[in-house]
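Coordinate analysis (summary)
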Amino acid sequence: MFGEVLIQMGAHYDVQAQQVEAAIALGPRLVVIGSTSFWGHDSHPLCEAIATEMAEFAALVVITGGMDGVGRTFGRAFAAARREAGRPENLFHLLPRGTGPCDSGVTLGAGADYRDRRELLGRVGHVYLVVEGGPGTAHEATVAAGRRVPVLPLGRTGGHAADLHIRTTCPPGLSKVDWDLMADEGIPHGRVVAAVGRLVRQAVVGSAKLGAVPDTAG
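These numbers were taken from a predicted model, which means no experiment stands behind them.

**Looking at the overall build of the protein**
Counting secondary structure elements, the protein contains eight helices and six strands. By the compact-globule yardstick of 17 Å for 218 residues, the protein fits well, its C-alpha radius of gyration being 16 Å. Dimensions of the protein, computed from the C-alpha atoms along their principal axes, are close to 50 × 40 × 35 Å. Here the analysis covers contacts within the protein between residues at least 6 apart in sequence; of these, 64% occur between residues at least 24 apart. Taken as a whole, the protein presents about 9700 Å² of accessible surface, with 56% of it coming from carbon and sulfur. Between the averaged position of the 20 positive side-chain charges in the protein and that of its 22 negative side-chain charges there is a distance of 3 Å.

The structure is reproduced here in structure tokens:
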């Protein structure tokens, strides 16, 4: 009985996720999840630097949970870099229905509460980036991993990202060297940023080969 309820709930969220996806721009979708406030000494500037690097990926669409901390910081930096380059923002935030809009990108209603939102956020991405994070982030990452999409934990930032990097292995088709760099606290930001950029592009190419996203790594 309990198993049947879980299956029904999963199917319900799958339908809602498809409705949300219909409002998101076409393109490979990077979902960025993590803490609602930064505690790592360099997590904030690293988050901004990765966002700026990702903005150079012309076809990329970024999705966040619309909260303070990782989501809004990444979103603002990504949107600013896209505007500066003359590109569409391609930025979307998922928040429970009725929640006020974020100050960048497009805010979409997703579910009745934050649990619903986490379930939906874990269902709409082609690749996930985890920066720090706690129980809510763990929920989203678990849903995403259950769909067998790449989840990239930036282990050097601590929190759930660190735990996840220790517990998981580099997904097939991605660079193990770059995977390991995500947990290396002793290297310059530039090397970490470049590693994440390569991993995201590799993940997108892998998804394209499976027919999940357009075949582009722009």
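**Let's talk about unusual backbone geometry**
Phi is positive for Glu 132, close to 50°, though the residue is something other than glycine. Relative to the elements of secondary structure, Glu 132 occurs in the loop between β5 (127-131) and α5 (135-146). For Glu 132, a relative accessible area of 0% corresponds to the buried category. Not every positive phi belongs to a glycine, and Arg 148 is a case in point at roughly 60°. Along the chain, the position of Arg 148 falls in the loop between α5 and β6 (151-154). On the basis of relative accessibility, which here comes to 77%, the residue Arg 148 falls in the exposed class.

**Thoughts on helix α2 (residues 43-54)**
Counted at 1.5 Å a residue, the expected span for α2 with its 12 residues is 16 Å, and the 16 Å between its end C-alpha atoms agrees. Within α2, the full set of buried residues consists of Ser 43, Leu 46, Cys 47, Ile 50, Ala 51 and Met 54. One side of α2 carries all its buried residues, which in axial view fall inside an arc of 135°.

**Thoughts on the environment of Tyr 128**
With respect to the element layout, Tyr 128 can be found in strand β5. Residue classification places Tyr 128 among the buried residues on the basis of a relative accessible area of 0%. Between the C-alpha atom of Tyr 128 and that of Arg 29, which follows or precedes it by 99 residues, the distance is 8.5 Å. Ignoring sequence-local partners within four residues, the contact set of Tyr 128 consists of Leu 30, Val 31, Ile 33, Leu 121, Gly 122, Arg 123, Ala 144, Arg 147, Val 149, Pro 150, Val 151 and Leu 152. Of note is the side chain of Tyr 128, whose polar atom sits 2.6 Å from the backbone oxygen of Leu 121. Among the polar contacts listed, one links the side chain of Tyr 128 to the backbone oxygen of Gly 122, at a separation of 3.1 Å.

**Comments concerning the packing of aromatic side chains**
Counting across every chain of the model gives one aromatic pair. Relative to Phe 78, the ring of Phe 74 lies with its centre 6.4 Å away and its plane at 20°, an arrangement referred to as stacked. Residue Phe 74 and its partner Phe 78 are located together in helix α3 (residues 70-84), separated by four residues, close to a single helical turn. In this structure, Phe 74 and Phe 78 share a single accessibility class: buried.

What counts, and at which threshold
Residues numbered from 1 in each chain as written. Predicted model: local features only at pLDDT ≥ 70, side-chain atom pairs only at ≥ 80, totals over all residues. Heavy atoms only, no water. Helix = DSSP H or I, 4+ residues; strand = E, 2+ residues; numbered from the N terminus. Rg over C-alpha atoms; globule rule 2.2 N^0.38 Å. Contact = heavy atoms within 4.5 Å. Areas by Shrake-Rupley, 256 points an atom, 1.4 Å probe, with all protein chains shown as cover. Lys, Arg positive; Asp, Glu negative; His and termini not counted. Charge placed at Lys NZ, Arg CZ, Asp CG, Glu CD. Buried < 20%, exposed > 50% of the residue type's maximum accessible area, 1.4 Å probe, protein only. Expected span 1.5 Å × (residues − 1). Arc of directions from axis to C-beta. Polar contact = N/O pair within 3.5 Å; in protein donor to acceptor, adjacent residues only side chain to side chain. Phe/Tyr/Trp six-rings, centres within 6.5 Å; stacked < 30°, edge-to-face > 60°.

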